[in-house]
Amino acid sequence: MSSNPSDYVRNPGPKTPVTGLKAAVTTDSAIVTETIMKVLNSGGNAADAVIAGAMVQAAAEPFMTNHAGLVTMLYYEAKTGKVHQLDSLGGHPSGLPPFKPVPPGLGSYATSPPSAIIPGFMPGLKEIHRKFATKDWADLCADAVHWAEKGHEVSTFEYGVNIFGEKFITYFPEGRDFYQPNGYFPNVGDIFTPPGMADTLRGVRDNGPDYMITGPWAEKFVAKGNALGWKVRLDHMTETPPRWVEPLRFAYNEYEVLFLGPPQAQGFFSSVALGVLKHLCIRDMAPGSAEHIWAMGHALRQGQRHWEYARDDQVYGVPRAEVLDDDYHKHLAKLIRGSRPKVDMTDHIRLAGDGTGAGDMMSAFAGPSGKPRLVNHEEKQPSGSCEIAVVDVEGNWCQFMDTLQGSGIPGQVVGGIPMVGSHATFGALQSPMDTVLIKGAKARCIIGNTLVLKDGKPVFSAGSPGNIHCTLPQVLAYLLDFKLDPYAAVDAPRMLPMSEAQLVAIEDRLAPGVVEDLHKLGVRVGALSGYDYHMGSFSVIAHDEASGTLTAVADPRRCAVADGIAA
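Asks: A description of the pairing of strand 15 (residues 450-454) should follow, citing residues and the corresponding values.
Replies: Within strand 15, four of the five residues are buried, leaving the element largely enclosed by the surrounding structure. Bridging between strand 8 (residues 255-259) and strand 15 involves four bridges; their strand directions are antiparallel. Residue pairing for strand 15: Leu-258 is matched across the bridge by Leu-451. Of the strand pairs in this sheet, strand 15 and strand 16 (residues 457-462) are connected by five bridges, and their pairing is antiparallel. The residue of strand 16 that forms the bridge with Val-452 is Phe-460. What sits between strand 15 and strand 16 in their antiparallel hairpin is a turn of two residues, with Asp-455 showing a positive phi close to 55°.

Set out below in structure tokens:
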């Protein structure tokens, strides 16, 4: 570890991929990447690495994730060739109505006020440790305790995110005491030591994950909920345990793409989008062309229409085969191609202007909308999740997500653990996050853990926070269809789905003439900033078939750092 806190500060900007590796890691934080490298260099496997990394991430980036959120994972086990999916979203406690202690109007987190939920983070790590880990639990918690005790230097990114969420995270006095220990947010360059967190993490280190599941922290959590009027009980803390789920497998040309299976919705969204793109002949298009953006906008729109079918298969029937059906995707592509304009639409765009109602549903919730043809972008939902990608020297691949979404009691801090709650709706078909109040039911969410196999072996892994619903199919298309190198695929401009007003909001890096060509196709164009952090921070690892080595890629949109062990 460096004695200079500034050594760990990274800012958004160009990154250099790390190549020629036999083990690889990429995360959203230099601190997390360093911890994972320590685990790998000491002989730990990918499961050990993500446990240690996730524990540190929530200690060093409490503005992006926490120890009370959710955990998901895809894990390729080299010795068996099997891919395992872990779903450790917490559940809403049985027998209780939704509890929403923060009123609407307090910034983006409370645009739709979140509800209290049982944490899934620690149960998830406990299950990963039981099934795959090789190192002692306490050893894997050591760095998290260190960083909670020592604190970290505040970056411009962290300061900006805190200011953005201020109304929500400081609503309760406990939030002000945590985030503003001296009455204000720590400034850029200050050391922020999260108040009270180290004591809790020492308890987790010394007593195991049950310290936060059924032990002293859990008791404090229940007591805090009761004091606020939420009648949660200690037995609720274990009634929705982590679940091993069969991943969603989608055959795509020469590849097999594995997504998180239902109730997680990203697989349905991405499979439909990619299937439509295949039948629109995306491989015959030039990346970044008007044809590409027109096809992608329509394909993403179709993908979004299908996430309502991703539900808990212990509660509903889930039409996996029907959503993945290639003939169905071909039919959707025919509809799109058959409705293509027959005339130049430029005059229509010029005369009609921006249109109204141009915002897609997720842009209002999870990211910015376009400029200069604006969707309302005053209330952009902060991105609160962190992706970790790891491949160890044994060939185990892990794509992992931890998040502050789905974390405990909204706006509260218990034992130094800040929480945001869950933005899930309750029975809404087109909501990207939705659940039902049935005991043990798992919620639908949009989480992008993805593995790409070729001839049964991993060749790519990918995942990201941010607007993952629409960005994942785009990055996969850049990789699998346009055959861009891994960094170029991550760097390339990303867009939101085509809106009702036929507007695509895209990062402002289009080639000359593309906007005019899109207008001819009747597509309005709105600009996002050139590298918009709401459009994600992809953690991608690629296997080079020729050399047999790995490449780790860090996204330029945030503060990511890639590293690895040289082959």
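Asks: For the pairing of strand 19 (residues 539-543), give the residues involved together with the corresponding values.
Replies: The buried fraction of strand 19 amounts to four of the five residues, a majority that puts the element mostly inside the structure. Of the pairings in the sheet, the one linking strand 16 to strand 19 comprises two bridges and is antiparallel in character. Bridging across to strand 19, Phe-460 finds its partner in Ala-542. Pairing analysis gives five bridges linking strand 19 to strand 20 (residues 550-554), with the strands arranged antiparallel. Residue pairing for strand 20: Ser-539 is matched across the bridge by Ala-554. Between strand 19 and strand 20, which follow one another and run antiparallel, lie six residues, and Gly-548 among them has a positive phi close to 75°.

Asks: For helix 1 (residues 30-41), give the residues involved together with the corresponding values.
Replies: Along its twelve residues, helix 1 runs 16 Å from first to last C-alpha, staying within 8% of the 16 Å computed at 1.5 Å per residue. Those residues of helix 1 lying buried are Ala-30, Ile-31, Val-32, Thr-33, Thr-35, Ile-36, Met-37, Val-39 and Leu-40. If you check the start of helix 1, you find a side-chain oxygen 3.1 Å away from the backbone N of Ile-31, and it comes from Ser-29. Positive backbone phi, approximately 95°, marks Gly-43, located one or two places after helix 1.

Basis of the calculations
Residues numbered from 1 in each chain as written. Predicted model: local features only at pLDDT ≥ 70, side-chain atom pairs only at ≥ 80, totals over all residues. Heavy atoms only, no water. Buried < 20%, exposed > 50% of the residue type's maximum accessible area, 1.4 Å probe, protein only. Helix = DSSP H or I, 4+ residues; strand = E, 2+ residues; numbered from the N terminus. Pairing = 2+ DSSP bridges. Expected span 1.5 Å × (residues − 1). Polar contact = N/O pair within 3.5 Å; in protein donor to acceptor, adjacent residues only side chain to side chain.

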